[in-house]
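Here is how the chains run, residue by residue.
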Amino acid sequence: MASSLLQAMEISASQFLDIFNHYDKDGNGFIEGKELQSFIRELREARQRAGLGLTDEMQQFVSECEKDSERRIGLIQLVQILPTEENFLLFFRQQLSSCSHFMQVWRRYDADHSGYIEADELKNFLKDLLLKAQRTCDSTKLDEYTAATLKIFDADGDGKLCLGEMSRWATSSDRLPAAFSCLTLCSVFRLLPDEQNFLLRFQGVKMPKHHFNRIFGSFDQDGAGFMDASDLDSLLRDVCEEYKVLDPADLPRYRSSIMELSDGGKLYRGDLCVLLCDEDGHAPSQ
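Residues numbered from 1 in each chain as written. Predicted model: local features only at pLDDT ≥ 70, side-chain atom pairs only at ≥ 80, totals over all residues. Heavy atoms only, no water.

Draft legend 1. Geometry of the overall build of the protein. Counting its regular elements, the protein contains 15 helices and 6 strands. For the protein, buried positions account for 51% of its 286 residues. Intrachain contacts of the protein at a sequence separation of at least 6 include 62% that bridge at least 24 residues. Taken as a whole, the protein presents about 13300 Å² of accessible surface, with 46% of it coming from carbon and sulfur. (Helix = DSSP H or I, 4+ residues; strand = E, 2+ residues; numbered from the N terminus. Buried < 20%, exposed > 50% of the residue type's maximum accessible area, 1.4 Å probe, protein only. Contact = heavy atoms within 4.5 Å. Areas by Shrake-Rupley, 256 points an atom, 1.4 Å probe, with all protein chains shown as cover.)

Next up, the structure:
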């Protein structure tokens, strides 16, 4: 099935994901080793059967792999090789151009501070991105894009995306420090430049819920359920001291991006929780 798709002149979003998942047999988010060897062999065979040669991009990729036996590719590299319809994955990369923009988008669609974007909200999010770029898309294609996005990022299969899953949209490098190797357990692609992507750093902060509640409560002494920018400064300094994955020199940038999640300058408990807590901490008790 997947090898026959490699013959196509144009590959749809859903077909692209089928191809990637077929060759990423261990599900670690990369095609590598024997997986990559199989992909290259079957790519050549499929193109020959279709009477097609390798494109310049394909040939360059094959040459690089022949020189480097340790080479591996993720989704973002694969989409640059295959003739993907409208290059829809790269399109979303262009639209989410910075962490601040990413946070603004999240705030707009997670208006209830639940920590999740539901499937219908995701569909509207994708529709708005397309409209912003002055691209037309019929309802069938929009449904396909929505399903494909969930397939990529919905790690737990619950039909909605949490901030942690969505932040994988903002990861650009496959050369992650060992502390973040868990990020490659899902089939995700990486979209923002490393230097902008503070979200990577926060993947190394996994507070137990009770610890988060205690820290948040020390700043939210009136029990209002939110903090302001000055409180966030103090909290981030404490987090930097406890979790060495955060760089104190980057605190102003962390604060600026995180405050994009705020509502009128109020950073709510649930919004901060999805950045700092472990997977069970999305909805901490008051």
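Draft legend 2. Highlighting the environment of Asp222. Take Asp222: it is sitting in the loop between helix H12 (209–219) and strand S5 (226–227). What makes Asp222 exposed here is its relative accessible area of 66%. At 3.1 Å, the side chain of Asp222 and the backbone nitrogen of Ala224 are in polar contact. (Polar contact = N/O pair within 3.5 Å; in protein donor to acceptor, adjacent residues only side chain to side chain.)

Draft legend 3. Spotlight on the packing of aromatic side chains. Summed over the entire model, instances satisfying the criterion amount to 4 aromatic pairs. The interplanar angle of 75° and the centroid separation of 5.3 Å between the aromatic rings of Tyr23 and Phe39 together place this pair among those described as edge-to-face. Note that Tyr23 is positioned in helix H2 (residues 13–23) and Phe39 in helix H3 (residues 34–49), a separation of 16 residues in sequence. As far as burial versus exposure is concerned, Tyr23 and Phe39 are alike and both buried. One aromatic cluster is present, built from ring pairs that chain together Tyr23, Phe39 and Phe61. (Phe/Tyr/Trp six-rings, centres within 6.5 Å; stacked < 30°, edge-to-face > 60°.)

Draft legend 4. Quick peek at the pattern of salt bridges. Scanning all chains against the criterion turns up 8 salt bridges. Two residues, Glu64 and Arg71, come together in a salt bridge whose shortest N-O distance is 2.8 Å. For Glu64, a relative accessible area of 32% puts it in the partly exposed group. Overall, the relative accessible area of 22% leaves Arg71 in the partly exposed class. For Asp233, the salt bridge goes to Arg255, with nearest N and O atoms at 2.8 Å. One end of the pair, Asp233, is in helix H13 (residues 229–242); the other, Arg255, is in helix H14 (residues 251–258), and 22 residues separate them in sequence. Its relative accessible area of 18% is what places Asp233 among the buried residues. (Salt bridge = Lys/Arg side-chain N within 4 Å of Asp/Glu carboxyl O.)

Draft legend 5. Representation of the nonpolar core in the model. With 68 residues, the main nonpolar core has Phe39, Phe61, Leu82 and Leu272 as its most contacted residues. It is H2 that provides the largest number of residues to this core, a total of 6 residues. Apart from residues no more than four positions distant in its own chain, Phe61 is found in contact with Leu36, Phe39, Ile40, Arg71, Ile73 and Ile81. (Core = buried A, V, L, I, M, F, W, Y, C linked by side-chain atoms within 4.5 Å.)

Draft legend 6. How the structure looks around helix H4 (residues 56–67). In this model H4 runs 17 Å from its N-terminal to its C-terminal C-alpha over 12 residues, within 8% of the 16 Å that 1.5 Å per residue would give. Taken together, the buried positions of H4 are Met58, Phe61, Val62 and Cys65. Along the axis of H4, the buried residues cluster in a sector spanning 100°; they form a single face. Every exposed residue of H4 that faces more than 90 degrees away from the buried side is listed here: Asp56, Gln60 and Lys67. Buried positions along H4 lie against H3, strand S2 (72–73) and helix H5 (75–81). (Expected span 1.5 Å × (residues − 1). Arc of directions from axis to C-beta.)

Draft legend 7. Highlighting a negative patch on the surface. A contiguous patch of negative charge on the surface is contributed by Asp112, Glu118, Asp120, Asp156 and Asp158. With respect to the element layout, Glu118 can be found in strand S3 (residues 116–118). (Patch = residues over 30% accessible without salt bridge, like charges linked within 9 Å, V, L, I, M, F, W, Y side chains within 5 Å. Lys, Arg positive; Asp, Glu negative; His and termini not counted. Charge placed at Lys NZ, Arg CZ, Asp CG, Glu CD.)

Draft legend 8. Fine view of the packing of H3 against H4. Relative to each other, H3 and H4 sit at 145°, their axes nearing to 12 Å. Pair H3 / H4 crosses with left-handed handedness. Where H3 abuts H4, its residues Leu36, Phe39, Ile40, Leu43, Arg44 and Arg47 lie against Met58, Phe61, Val62, Cys65 and Glu66. Residue classes in the contact of H3 with H4 are distributed as 8 nonpolar, no polar and 3 charged. (Axes fitted to C-alpha atoms, helices over the stretch in contact; angles between N-to-C directions. Left-handed = near helix turned anticlockwise from the far one by under 90°. Nonpolar A, V, L, I, M, F, W, Y, C, P; charged D, E, K, R; others polar.)

Draft legend 9. Expanded view of the confidence of the model for the protein. When the pLDDT values of the protein are averaged, the result is 74; 74% of them are 70 or greater. In this model, residues 170–196 is a region of pLDDT below 50 whose contacts with residues beyond four sequence positions or in other chains number 84 contacts. The model gives residues 280–286 a pLDDT under 50, and that stretch makes 18 contacts with residues more than four places away or in other chains. (pLDDT = per-residue confidence, 0-100.)

Draft legend 10. Spatial organisation of the side chain of Asp220. Inspection of the secondary structure assignment puts Asp220 in the loop between H12 and S5. Despite its burial, Asp220 remains without a salt bridge, the nearest opposite charge being carried by Arg269 at 4.2 Å. Only 2.8 Å separates the side chain of Asp220 from the backbone nitrogen of Gly225, close enough to count as a polar contact. Non-local contacts of Asp220, meaning those with residues more than four positions away in its chain, are made with Gly225, Phe226 and Arg269.

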